[in-house]
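Now for the letters of each chain:
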Amino acid sequence: MFFSVVIPTYNRRPILEKCLLALEKQHLRQGSLVTGYEVVLVDDGSTDGTLEWLEANAAKFPHVRRFAQSHAGPAAARNLGVEQALGDTIIFIDSDLVVTENFLQAHADALLQGEKTLGSDRLFTYGRVINTCNFDDPTSEPYKITDFSAAYFATGNVAIARHWLIAVGLFDTRFQLYGWEDLELGVRLKQLGLKLIKCPDAVGYHWHPPFSLAQIPNLIEKEIQRGRMGVLFYQKHPTPEVRMMIQMTPLHRLLWGLLTLGGRLNEKTMAGFLQQLINRGQTQLAREIARIFLNWYNVQGVYAAYAEIQQVRKNN
């Protein structure tokens, strides 16, 4: 087993350094079936000097092979990484994830045990992702209930045989905005009968800056983009399950409408309360409360994008 860790990156140079250094410190058990690994880093058109920094510091990262593309989104970047990968097994992580020293070995053990149990390699392993805003020591963050994920295939921390990715046709590069490109590929993998094997020992710490009011406009834009990409997801897979995933149901519209009083509880009316929580150091709680009106923007974005598509179809 030879791993290719595929990482797309876009303007994340400071945390990318921690991400890559952690991958250089991997402990692979002697006698295991892991013959080695590489890190396939794809720069998606960064403007923060990422490529220049990588070139200047290449000696610090002997496992890294770097590639670059014009800004086309993570789906296209991951596809390029898979196409250039030398390994038979792909691990996807994001460039703001800092992993533990036994990360690769944990995925290897889970893959081999899963194959032994199932009698085939029709599976993938899904590691644990712990969210943190501790830049200096990200791996010190404890696991929280809010870190739980029920996603079937999420590229924040997943390992899979390369040939299965080729078999399903890789990521759909029409997903150029934020969201859903990995879960859409997961639907196609599920149709091939691949099983999800949880791998809690493969831990990655997902860093994000402490929540502040200044982040809200960007977070709202992401939710609107996620809504638009959700409709693309539904166009490809028009099932009740996908409709539920993208929140395009009367239930979601009613739920978030009620919780936000029809949108009246929003980034403006809640700013003072959120700032009070931030001032008390309760940034994580402030972020979770902000999710209420952010979800409302997402649902609005979904229905707006769907209405546009219906109008185009009507006009044609």
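Our structure is the block above this text.
An account of the accompanying structure is given in this report.

Parameters at a glance
- Sequence order as written defines the numbering, with residues in each chain counted from 1.
- Residue-level local features of this predicted model are given only where pLDDT is at least 70; pairs of side-chain atoms are given and counted only at 80 or more, and the full residue set underlies all totals for whole chains, interfaces and linings.
- Only hydrogens and water are removed before side-chain values are computed, so all heavy atoms of the structure are retained for them.
- Two strands pair if DSSP finds at least two bridges between them.
- Numbering goes from the N terminus for both helices and strands, where a helix is a DSSP run of H or I of at least four residues and a strand is a run of E of at least two.
- Only the stretch in contact is used when fitting a helix axis, every axis being a line fitted to C-alpha atoms; angles between N-to-C directions are given from 0 to 180 degrees.
- Burial classification: accessible surface area is computed with a 1.4 Å probe over protein chains only, and a residue below 20% of its type maximum counts as buried, one above 50% as exposed, and the rest as partly exposed.
- Any two residues whose heavy atoms approach within 4.5 Å are treated as being in contact.
- Identification of polar contacts relies on pairs of N or O atoms within 3.5 Å, with a donor-acceptor requirement for protein atoms, meaning one able to donate a hydrogen and the other able to accept it, and with residues adjacent in sequence counted only if both atoms are side-chain atoms.
- Starting at the helix axis, one direction is taken to each C-beta atom, and the arc is that of these directions.
- Ring geometry is summarised as follows: Phe, Tyr and Trp rings, the Trp one being its six-membered ring, pair when their centres sit within 6.5 Å, and such pairs are stacked at plane angles under 30 degrees, edge-to-face over 60 and tilted between the two.

1. Points about the sheet that holds strand S2 (residues 36-44)
Taken together, the eight strands give an open sheet; going across it, the order is S3-S2-S1-S4-S7-S6-S8-S5, and neighbouring strands pair in mixed fashion. Of all the strands in the sheet, the pair left with one neighbour each is strand S3 (64-69) and strand S5 (97-99). Each strand of the sheet is rotated relative to its neighbour by a mean of 30°, with strand direction disregarded. Direction of pairing for S5 relative to strand S8 (residues 195-207): antiparallel, over a ladder of three bridges.

2. What about the environment of Gln26?
The residue Gln26 is located in the loop between helix H1 (13-24) and S2 in this model. Here Gln26 falls in the buried class, since its relative accessible area comes to 10%. For the pair Gln26 and Asn131, spaced 105 residues apart in sequence, the C-alpha to C-alpha distance is 21 Å. When near neighbours in sequence (up to four residues on either side) are disregarded, Gln26 contacts Tyr37, Val99, Thr100, Glu101, Asn102, Phe103 and Leu104. A polar atom in the side chain of Gln26 sits 3.1 Å from the backbone oxygen of Ala22. Of note is the side chain of Gln26, whose polar atom sits 3.2 Å from the backbone nitrogen of Phe103.

3. Re the pairing of strand S6 (residues 123-132)
Most of S6 sits inside the fold, with eight of its ten residues counted as buried. Two strands pair when backbone bridges link them, and S6 and S8 are joined in this way by ten bridges, in the parallel orientation. Following the sheet pairing, Thr132 is matched in S8 by Trp207. In the sheet, S6 pairs with strand S7 (residues 157-161) via three bridges, with the strands oriented antiparallel. Within S7, the residue paired with Phe124 across the bridge is Ile160.

4. A closer look at helix H10 (residues 271-279)
Three- or four-residue spacings in an α-helix give side chains the same orientation, since the helix completes a turn every 3.6 residues. Burial in H10 covers these residues: Leu274, Leu277 and Ile278. On an axial view of H10, the arc spanned by its buried residues comes to 100°, and they lie on one face. As for H10, its buried residues are in contact with helix H7 (216-236) and helix H11 (283-315). Gly281, located one to two residues past H10, shows a positive phi value of around 85°.

5. Looking at the packing of aromatic side chains
Tallied over the entire structure, the rule returns seven aromatic pairs. Ring centres 5.4 Å apart and planes at 80° place the aromatic pair Phe92 and Phe171 in the edge-to-face group. In this pair, Phe92 is assigned in strand S4 (residues 89-93) and Phe171 in the loop between helix H5 (162-168) and helix H6 (181-191), connecting sequence segments 79 residues apart. When its relative accessible area of 0% is taken as the criterion, Phe92 is described as buried. Both rings, one in Tyr234 and one in Tyr306, keep their centres 6.4 Å apart while their planes meet at 65°; by these two values the pair is edge-to-face. Of the two residues, Tyr234 sits in helix H7 while Tyr306 sits in helix H11, which places them 72 residues apart along the sequence.

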